[in-house]
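Each chain, written out:
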Number of protein chains: 2
Amino acid sequence: MKDINKTLIPGFDDMLAAHERIAPHIHRTPVLTSSYLNDLTGAELFFKCENFQKAGAFKVRGATNAVFGLPEGMLEKGVCTHSSGNHALSLSYAAGRRGIPCNVVMPRTAPQAKKDAVRGYGGTITECEPSTSSREAVFAEVQAKTEGDFVHPYNDPRVIAGQGTCSRELMEQTDGLDMVVAPIGGGGMISGTCLTLSTLAPEVQVIAAEPEQADDAYRSFKAGHIIADDAPETVADGLKVPLKELTWHFVSTHVTDILTASEEEIVDAMKLTWTRMKIVMEASCAVPLATILKNKDRFAGKRVGVIITGGNVDLDKLPWMAG
Amino acid sequence: MKDINKTLIPGFDDMLAAHERIAPHIHRTPVLTSSYLNDLTGAELFFKCENFQKAGAFKVRGATNAVFGLPEGMLEKGVCTHSSGNHALSLSYAAGRRGIPCNVVMPRTAPQAKKDAVRGYGGTITECEPSTSSREAVFAEVQAKTEGDFVHPYNDPRVIAGQGTCSRELMEQTDGLDMVVAPIGGGGMISGTCLTLSTLAPEVQVIAAEPEQADDAYRSFKAGHIIADDAPETVADGLKVPLKELTWHFVSTHVTDILTASEEEIVDAMKLTWTRMKIVMEASCAVPLATILKNKDRFAGKRVGVIITGGNVDLDKLPWMAG
């Protein structure tokens, strides 16, 4: 790791070490294809199904890397974090596997299924309002009280190194790719993807996909500095958080482009994927396909990896349901 | 094949020939596991995911075997059938791949997604009322008019031989099983499973799972002869049809037992599978898990194959939605 602005930037070796550390605790998730979606887009799509991952999301990679890398002396007080959902339950899962405490701050509006899963893994939830400011304030209290090690959902080198293991597997499971498209919220998955591909396959373009209604990463990318919104509203509830310095480093130096999609385009792509691929996935995971359908010329004839980031959906509140 | 009551009973060699014939046109579907469901049931479950199959269901195996086994002289008039849905679209898929006509009679209450898929593959639909009597009457007219070769959804040796390829793959993909549980409607999948396992692995028990509200196979099994209901009502819409002489042959000679589940148990098992395994599957496919959860003692400690038969769901009408 190299030091920048007092934060350690993880390197390729950190990703390799993470992969070895987390392998006993995660799935090597399958890569699925769909001839229907290939015909529809004109591209050859390879879906890396992290919705089938332990704890239902890629975030278990980074969380498990952080938890299993903790030295003995820090185990008693455990870990703590704030998260819109999947990092919370991933950290709870990893902490449960290692038998240490896990305290998480979650917005009260987070899907019930995610809250249930956190508690099922043994995590303790403190609720906050659904804004970045409330989340950070409530978290400061929890952290002061529990003294657990803070594992940030994405602005943490251990987490980014862990997320980078996903695109390493994707490259091993496919016979070469032209591009990888992944959703961007705080930028943890995209940063891990950049970390891995910039060494392993620097010719592969990294495209980030973002909801129009939470397009702070897109605007940051165009402006050349971080722009953060406090409480954006989007059906892609995993993508509401802003970039931070570590993820901004990877986004600003390695990402090829950021594309956006409307709420309707995201829901349509989500329902289309459920219908044709028969997989349960979150709205956030549909943003890449929505941007591919919207920018067909750019992807036509290309071999495109698409990261399906998670499958923790509240089945009683699907976005195409009335009310 | 051997002759019984003028109907040919398919044998193990027919299944092997079917597998070779259909292999270019179908997926070798994955087998998924869930540590959560293993913990919950006390059994070791292996889910054969035919919801990821071409046309979204195992029925494409039998339909493709029939269509690609047709001699040249019968191609012009094509094929015809009646079906509650998945056989209709499987036959349409297979006919489309071979470039021949396909006429199907479907109940007007069949899920819209299935009707759309039939038309998408190039099939022609004639609607009937949702009862066996109406279905058979309307079909007689369609068959007389089109003169297509009738591919029955299950009472056809070509179809049963095709369905048998599924459990052959399941056995290859697992390291030995104690039991296989599959849903039973007309009995095509169960018959194919019996056909294959009685030769390949005769020690494996074959358990059929059926909705209480459409338990004609259960009552037939207990009575020792076919009992048929005209229009049973169940959320498991693929399982409403009665046994026929060919499937009754396999059910009466090879099936170990038939277990039933209530509507509520089926919907609960369906939602549980979607939530934990992140797969989209039909209510019919949840009947096996519902019966396993209800009869835990019987399955505890066993290695159990479970056939997830299809994933063609109307996402606007999920059974846990209000209204």
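These numbers come from a predicted model, not from an experiment. (Residues numbered from 1 in each chain as written. Chains lettered and ligands numbered in written order. Predicted model: local features only at pLDDT ≥ 70, side-chain atom pairs only at ≥ 80, totals over all residues. Heavy atoms only, no water.)

Chemist: Requested: an account of the environment of B:Lys48, with residues and values cited.
Modeler: Residues and elements named next belong to chain B. Topologically, Lys-48 is positioned in strand β4 (residues 44–49). With residues up to four places along the chain from it excluded, the contact list for Lys-48 reads Arg-28, Thr-29, Pro-30, Val-31, Arg-61, Cys-166, Glu-169, Leu-170, Gln-173, Val-306, Ile-307 and Ile-308. A polar atom in the side chain of Lys-48 sits 2.8 Å from the side chain of Gln-173. (Helix = DSSP H or I, 4+ residues; strand = E, 2+ residues; numbered from the N terminus. Contact = heavy atoms within 4.5 Å. Polar contact = N/O pair within 3.5 Å; in protein donor to acceptor, adjacent residues only side chain to side chain.)

Chemist: Go over the sheet that holds strand β10 (residues 205–211) of chain B, please, and point to the residues and values.
Modeler: Residue and element names in this part refer to chain B. Reading across from one edge, β3-β4-β12-β9-β10-β11 is the order of the six strands in this open sheet, with mixed pairing throughout. The two strands at the open ends of the sheet, each matched to only one other strand, are β3 (31–32) and β11 (257–261). Relative to strand β12 (residues 303–308), β4 runs parallel, the two being bridged by six bridges. Across the sheet, the residue bridging to Lys-48 is Ile-307, located in β12. Against the sheet, helix α8 (residues 188–200) touches β9 (179–183), β10 and β12, its axis set at about 175 degrees to β10. Strands β10 and β11 of the sheet are contacted by helix α9 (residues 216–223), whose axis makes an angle of about 145 degrees with β11. (Pairing = 2+ DSSP bridges. Axes fitted to C-alpha atoms, helices over the stretch in contact; angles between N-to-C directions.)

Chemist: Which residues make up the side chain of B:His82, and what values do they have?
Modeler: Examined against the element boundaries, B:His82 turns out to sit in strand β5 (residues 79–82). Residues contacting B:His82, with those up to four places away along its chain left out, are B:His87, B:Val105, B:Arg135, B:Phe139, B:Phe150, B:His152 and B:Pro153.

Chemist: Go over the packing of aromatic side chains, please, and point to the residues and values.
Modeler: Within this structure, the stated rule accounts for eight aromatic pairs over all chains. Arranged with centres 6.4 Å apart and planes meeting at 40 degrees, the rings of A:Phe52 and B:Phe52 form a pair that is tilted. Of the two residues, A:Phe52 is situated in the loop between β4 (44–49) and α3 (59–68) and B:Phe52 in the loop between β4 and α3 (59–68); the pairing between them involves two chains. Judged by its relative accessible area of 12%, A:Phe52 is buried. We note A:Arg276 situated over the ring of A:Tyr36; from NZ or CZ to the ring centre the distance is 3.7 Å. (Phe/Tyr/Trp six-rings, centres within 6.5 Å; stacked < 30°, edge-to-face > 60°. Buried < 20%, exposed > 50% of the residue type's maximum accessible area, 1.4 Å probe, protein only. Lys NZ or Arg CZ within 6 Å of the ring centre and 35° of its normal.)

Chemist: If you had to explain the side chain of B:Thr247 to someone new, which residues and values would you point to?
Modeler: Residue placement: B:Thr247 occurs in helix α10 (residues 245–254). For B:Thr247, the residues in contact, after removing those within four places along its chain, are B:Tyr154, B:Asn155, B:Ile160, B:Gly186, B:Gly187, B:Gly188 and B:Ser191.

Chemist: Kindly report on the state of the cysteines, identifying the contributing residues and their values.
Modeler: Going through the model one piece at a time under the given rule, you end up with zero disulfides over all chains. There is no disulfide at A:Cys49, and the cysteine sulfur nearest it, in A:Cys285, is 9.3 Å away. Summary of cysteine pairing: B:Cys166 is not part of a disulfide, and the nearest cysteine sulfur, belonging to B:Cys49, is at 10 Å. (Disulfide = S-S within 2.5 Å.)

Chemist: Which residues make up the interface of chain B and chain A, and what values do they have?
Modeler: On the chain A side, the residues contacting the 21 residues of chain B number 22 residues. Overall, the association of chain B and chain A removes approximately 1700 Å² of surface from exposure, summing both partners, and the carbon and sulfur fraction of that is 59%. Of all residues in chain B, the largest losses of buried area upon contact with chain A belong to B:Phe52, B:Lys278 and B:Leu315, amounting jointly to 35% of the total for that side. Connecting chain B to chain A are two salt bridges. Between A:Lys271 and B:Asp316 there is a salt bridge, with the nearest N and O atoms lying 2.8 Å from each other. On the surface where chain B and chain A come into contact, there are twelve residue pairs in polar contact (both at pLDDT 80 or more). Element by element, the count of residues in the side of chain B that touches chain A is highest for helix α11 (residues 263–277) of chain B, at five residues. (Buried area = accessible area lost by both parts, 1.4 Å probe. Salt bridge = Lys/Arg side-chain N within 4 Å of Asp/Glu carboxyl O.)

Chemist: Please set out the relation of the copies chain B and chain A residue by residue, giving values where relevant.
Modeler: Between chain B and chain A, the superposition needs a rotation of 180 degrees and an axial shift of 0.0 Å, giving an RMSD of 0.0 Å. Put plainly, the chains are arranged around a two-fold axis. For chain B, the smallest separation between a C-alpha atom and the rotation axis is recorded for B:Ile279, amounting to 2.2 Å. Taken together, the interface assignments show that 100% of the residues at the interface of chain B recur at the interface of chain A, consistent with an identical surface on both copies. (Least-squares fit on C-alpha atoms with pLDDT ≥ 70 in both.)

Chemist: If you had to explain the packing of helix α4 (residues 86–98) of chain A against helix α5 (residues 112–120) of chain A to someone new, which residues and values would you point to?
Modeler: Residue and element names in this part refer to chain A. Between α4 and α5, the least distance of the axes is 8 Å, while the angle of their chain directions is 15 degrees. By the angle class used here, α4 and α5 are roughly parallel. Handedness of the crossing formed by α4 with α5: left-handed. Listed contacts from α5 to Asn-86, Ala-88, Leu-89 and Ser-92 of α4 are Lys-114, Ala-117 and Val-118. (Parallel < 35°, antiparallel > 145°, perpendicular 65-115°, else oblique. Left-handed = near helix turned anticlockwise from the far one by under 90°.)

Chemist: Give a detailed account of the domain arrangement of chain A, specifying residues and quantitative values.
Modeler: All names here are of chain A. Per the domain assignment, the segments of chain A are domain 1 (2–57 + 156–308) and domain 2 (60–150). Using C-alpha coordinates to define each centre, domain 1 is positioned 23 Å away from domain 2. Tallying the contact residues gives 33 residues for domain 1 and 26 residues for domain 2. Here domain 1 meets domain 2 over a buried area of about 2200 Å², counting both sides, of which 47% is carbon and sulfur. Of all residues in domain 1, His-25, Ala-55 and Arg-158 bury the most surface against domain 2, accounting for 30% of the area lost on that side. Summed over the shared surface of domain 1 and domain 2, the number is six salt bridges. Close ionic contact of Glu-136 with Lys-244 constitutes a salt bridge, the shortest N to O distance being 3.3 Å. If you look at where domain 1 meets domain 2, you find 14 residue pairs in polar contact (both at pLDDT 80 or more). Breaking the side of domain 1 that touches domain 2 down by element, the ones donating at least two residues are α1 (12–22) and α7 (157–173). (Domains from an automatic or database assignment.)

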